[in-house]
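Structural overview
Letter by letter, the chains look like this.
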Amino acid sequence: MMKRFAAHYVYMPGRGFLKRFVVETWEEGVVRLFPLTGEVENTEWLPGVIVLLPEGMPLEGVVFDVPVLLEAAPADAQASLSACTPYLFYPFDFTGKKPVAGTRRTRLR
């Protein structure tokens, strides 16, 4: 079943942050990313940051070391979205662009 999730930020490890983006999923994988420019049908707004975890990267291995704000998802990243798993990190320090004490990591399904 297709689902859409939107958040303040989407983080792509090693690439940076996308502000106000929608992550569209099908079954267990990510199908596409697109900017949230208005109300989108069947989209769940989530507080915090959605992290697109590449296949093989352990959840504990996520480091927010690229505080760059991207205008759009890199073209090469779009091709590998199906190998990513979306996780919600909440609560999150938006100013420092890092998790805070008590940040929970929840897999989006």
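This text goes with the structure placed above it.
Since we're looking at a predicted model, the values are computed, not measured. Counting starts from 1 at the beginning of each chain's written sequence and moves along it residue by residue. Owing to the predicted nature of the model, reporting of local features is limited to residues with pLDDT of at least 70; listing and counting of side-chain atom pairs is limited to 80 or more, with chain, interface and lining totals taken over all residues. Water and hydrogen atoms play no part in the side-chain values, which are based on all heavy atoms of the structure.

Focus: the pairing of strand E6 (residues 84–93)
Formally: A simple rule labels every residue: compare its accessible area, found with a 1.4 Å probe on the protein chains alone, to the largest value its type can have, and call it buried under 20%, exposed over 50%, or partly exposed in between. Runs of E in the DSSP output that reach at least two residues are strands. Runs of H or I that reach at least four are helices, and both are numbered from the N terminus. The pairing criterion for strands is at least two bridges between them, as found by DSSP.
In terms of burial, E6 is a largely internal element, seven of the ten residues being buried. One ladder, built from six bridges, connects strand E4 (residues 43–54) with E6; its direction is antiparallel. Bridged to Pro54 within E6 is Cys84. Pairing of E6 with strand E7 (residues 98–107) involves six bridges; the strand directions are antiparallel. Paired with Tyr90 across the bridge in E7 is Arg104.

A word on the nonpolar core
Basically, it comes down to this: Here, nonpolar core refers to any group of buried Ala, Val, Leu, Ile, Met, Phe, Trp, Tyr and Cys residues whose side-chain atoms link them within 4.5 Å. The contact criterion used throughout is that any non-hydrogen atoms of two residues lie within 4.5 Å.
By size, the foremost hydrophobic cluster in this structure holds 19 residues, and its most contacted members are Val10, Leu18, Val23, Leu33, Ile50 and Leu52. Only strand E1 (2–12), strand E2 (16–26), strand E3 (29–35), E4 and E6 provide two or more residues apiece to this core. With four residues, the single largest contributor to this core is E1. Residues in contact with Ile50, not counting those within four places in the same chain, are Phe5, Ala6, Ala7, Tyr9, Val10, Tyr11, Val23, Pro86, Tyr87, Leu88 and Leu108. If you look at the next biggest cluster of nonpolar residues, it comprises twelve residues, including Phe17, Val51, Leu53 and Phe89.

Purely geometric numbers; function is a separate question.
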